[in-house]
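Report on the structure
Chain residues, written in single-letter form:
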Amino acid sequence: VGFLYSSVFLKHAPPLGHPERPERLSALVTGLQRDELWGRLVHIQPERATLSQLARVHTHRHIELVQRTCKQGGGLLDEGDTYVVHESFEAAVLAAGAVITAVDHVLSHMLDAAFCAVRPPGHHAESDRPMGFCLFNNVAIGARHSQRAHGVERVAILDWDVHHGNGTQEIFYDDGSLLYISLHQYPFYPGTGARSERGNGDGEGCTLNIPLPAGTNGERYMEVFDAEVVPALQQFRPGLLIISAGFDAHADDPLGGMRLTEKSFGALTGRVKNIAPVVSVLEGGYNLDALSRSVNAHLRALES
Ligand SMILES: [Zn+2]
């Protein structure tokens, strides 16, 4: 199992008190380093995404807005919760590039699976709008790369972050080559992700939203996986499975209201990891201990 990480991701540093902070990654890495698991992971240096790789998903206006705001020293990009500093563009380009690097390694069979320990996260970023702590949609950029560079015909993105991935849904809403499945707390930020949002045109039926009430536990998630997620993935027969791996549905998370444990994340991983080669990408997860334990369980399930 590959592990993609760079200390450049720590340079994307928020105002004090912001939950999406560098300590999320440093705690995660320190936690893994204390474990024998660290020695078994294949450590791979991510490469930067090129502008044309970003432009497969985002408008030039979007890319330039992020780049210009960073160059000018930083600021806020949407209604107040998506900040950038001078170094954020570099971090964001490397975060998207990490998913591309992971896709290249997994699809050329150099790795069985890979985990990208990246920030800023990506799944709220739409084609023309940074949003919800997200600058570029890392998983979408990786999915497009797998199609263009490796000829993968069908890609699935499974998003178990506690928030709905409105950005990923918007980017692929009309696209029949990509199955987007999201389990999320509902109603909740960002407000999208109703059952009735199923895709459009060629993409009709290729968006599967599974809204769940606050307080949902791991047992219920497993039931939903067996009843809906696994059958939908098996029927779609993807050549690549990208996981938008947020860990903010953990019971200890300060933002989410769900009741998963780190064990739950291991079990969910085990249910899907044999369906297609897996590239997993960090999204949310804001309790440092819970995040660290959950990523550990996720990686152990990926390698078993
Ligand atoms: Zn989230």
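The structure this text deals with has already been given above.
The structure contained in this document is the topic of the report that follows. (Residues numbered from 1 in each chain as written. Predicted model: local features only at pLDDT ≥ 70, side-chain atom pairs only at ≥ 80, totals over all residues. Heavy atoms only, no water.)

Looking at the coordination of the zinc ion
Distances from the zinc ion to its protein donors, Asp161 (OD), Asp161 (OD), His163 (ND1) and Asp248 (OD), fall within 2.0 to 2.7 Å. Given four donor atoms and angles of 53 to 154 degrees at the metal, the environment of the zinc ion is assigned as irregular. Each donor residue of the zinc ion lies on the same chain, and together they follow the pattern D-x1-H-x84-D. With Asp161 in the loop between strand 6 (155-159) and helix 7 (166-172) and Asp248 in the loop between strand 9 (240-245) and helix 9 (262-272), this pair connects stretches of sequence that are 87 residues apart. When its relative accessible area of 1% is taken as the criterion, Asp161 is described as buried. (Donors = N, O, S within 2.8 Å, 3.2 Å for Na, K, Ca; no water. Tetrahedral: all angles 85-135°; square planar, octahedral: opposite > 155°, others 65-115°. Helix = DSSP H or I, 4+ residues; strand = E, 2+ residues; numbered from the N terminus. Buried < 20%, exposed > 50% of the residue type's maximum accessible area, 1.4 Å probe, protein only.)

Comments concerning the pairing of strand 9
The buried fraction of strand 9 amounts to six of the six residues, a majority that puts the element mostly inside the structure. Burial along strand 9 is two-sided: Leu240, Ile242 and Ser244 facing one way and Leu241, Ile243 and Ala245 facing the other are all buried. Pairing between strand 6 and strand 9: five bridges, direction parallel. Within the sheet, the bridge partner assigned to Val155 lies in strand 9 and is Leu240. (Pairing = 2+ DSSP bridges.)

With respect to the pairing of strand 6
For strand 6, the tally of buried residues reaches five of five residues, placing the bulk of the element in the interior. The alternating pattern of strand 6 places Val155, Ile157 and Asp159 on one face and Ala156 and Leu158 on the opposite face, and all of these are buried. When strand 6 meets strand 7 (residues 178-185), the two strands line up parallel, connected through five bridges. Residue pairing in the sheet places Leu158 in a bridge with Ile181 of strand 7. Chirality of the crossover, the property in question, places the unit of strand 6, helix 7 and strand 7 among those that are right-handed. (Right-handed = clockwise from strand over helix to strand, strands pointing away.)

So, the packing of helix 1 (residues 23-33) against helix 10 (residues 288-303)
Axis separation between helix 1 and helix 10 bottoms out at 9 Å; the angle between their running directions is 50 degrees. Comparing their axes, helix 10 and helix 1 come out oblique. Both helix 1 and helix 10 take part in a crossing whose hand is right-handed. Note on element contacts: helix 10 touches helix 1 through Leu288, Leu291, Ser292, Val295, Asn296 and Leu299, opposite Glu23, Arg24, Ala27, Leu28, Gly31 and Leu32. Tallied by class, residues from the contact of helix 1 with helix 10 come to seven nonpolar, three polar and two charged. (Axes fitted to C-alpha atoms, helices over the stretch in contact; angles between N-to-C directions. Parallel < 35°, antiparallel > 145°, perpendicular 65-115°, else oblique. Left-handed = near helix turned anticlockwise from the far one by under 90°. Contact = heavy atoms within 4.5 Å. Nonpolar A, V, L, I, M, F, W, Y, C, P; charged D, E, K, R; others polar.)

Here's the deal with the sheet that holds strand 5 (residues 113-116)
An order of 2-1-5-10-9-6-7-8 is seen for the eight strands of this open sheet, with the pairing classed as parallel. Each end of this open sheet is capped by a strand with a single partner; those strands are strand 2 (42-44) and strand 8 (207-212). The mean angle between the axes of side-by-side strands here comes to 15 degrees, regardless of whether they run parallel or antiparallel. As defined by bridge partners, strand 1 (residues 2-4) adjoins strand 5 across three bridges and the pair is classed as parallel. Counted as the bridge partner of Leu4 is Cys116 from strand 5.

Concerning the nonpolar core
Grouped together as the largest cluster of nonpolar side chains are 96 residues, with contacts concentrated most on Phe3, Leu28 and Leu299. No other element matches the 14 residues that helix 5 (residues 88-107) contributes to this core. Not counting residues within four places of it along the chain, the set of residues in contact with Leu28 comprises Phe3, Ala117, Leu282, Leu291, Ser292 and Val295. (Core = buried A, V, L, I, M, F, W, Y, C linked by side-chain atoms within 4.5 Å.)

So, the layout of surface pockets
Quantified by volume, the largest pocket comes out at close to 160 Å³. In terms of lining, the largest pocket is formed by 16 residues, of which the most central are His124, Phe133, His163, Tyr189 and Leu255. Class assignment for the residues of the lining of the largest pocket results in seven nonpolar, five polar and four charged. (1 Å grid on protein atoms, 1.4 Å probe; cavity = no way out; pocket = protein on both sides within 12 Å on 5 of 7 lines; lining within 4 Å. Points joined across faces, edges and corners; volume = space filled by probe spheres on them.)

Quick word on helix 6 (residues 138-150)
Under the 1.5 Å per step criterion, the end-to-end length of helix 6 is 17 Å for 13 residues, consistent within 8% with the ideal 18 Å. Of all 13 residues making up helix 6, ten are buried, and the element is well covered by its neighbours. (Expected span 1.5 Å × (residues − 1).)

What to know about the environment of Tyr83
Counting through the fold element by element, Tyr83 comes out in strand 4 (residues 83-85). By relative accessible area, which is 5% here, Tyr83 ends up buried. Taking the C-alpha atoms as reference points, Tyr83 and Ala49, separated by 34 residues in sequence, lie 21 Å from one another. Dropping the residues within four chain positions of it, Tyr83 is found in contact with His12, Ala13, Pro14, Pro15, His18, Glu20, Gly75, Leu76 and Arg119. Separated by 3.2 Å, the side chains of Tyr83 and Arg119 make a polar contact. (Polar contact = N/O pair within 3.5 Å; in protein donor to acceptor, adjacent residues only side chain to side chain.)

By themselves, these figures tell us nothing about what the structure is for.
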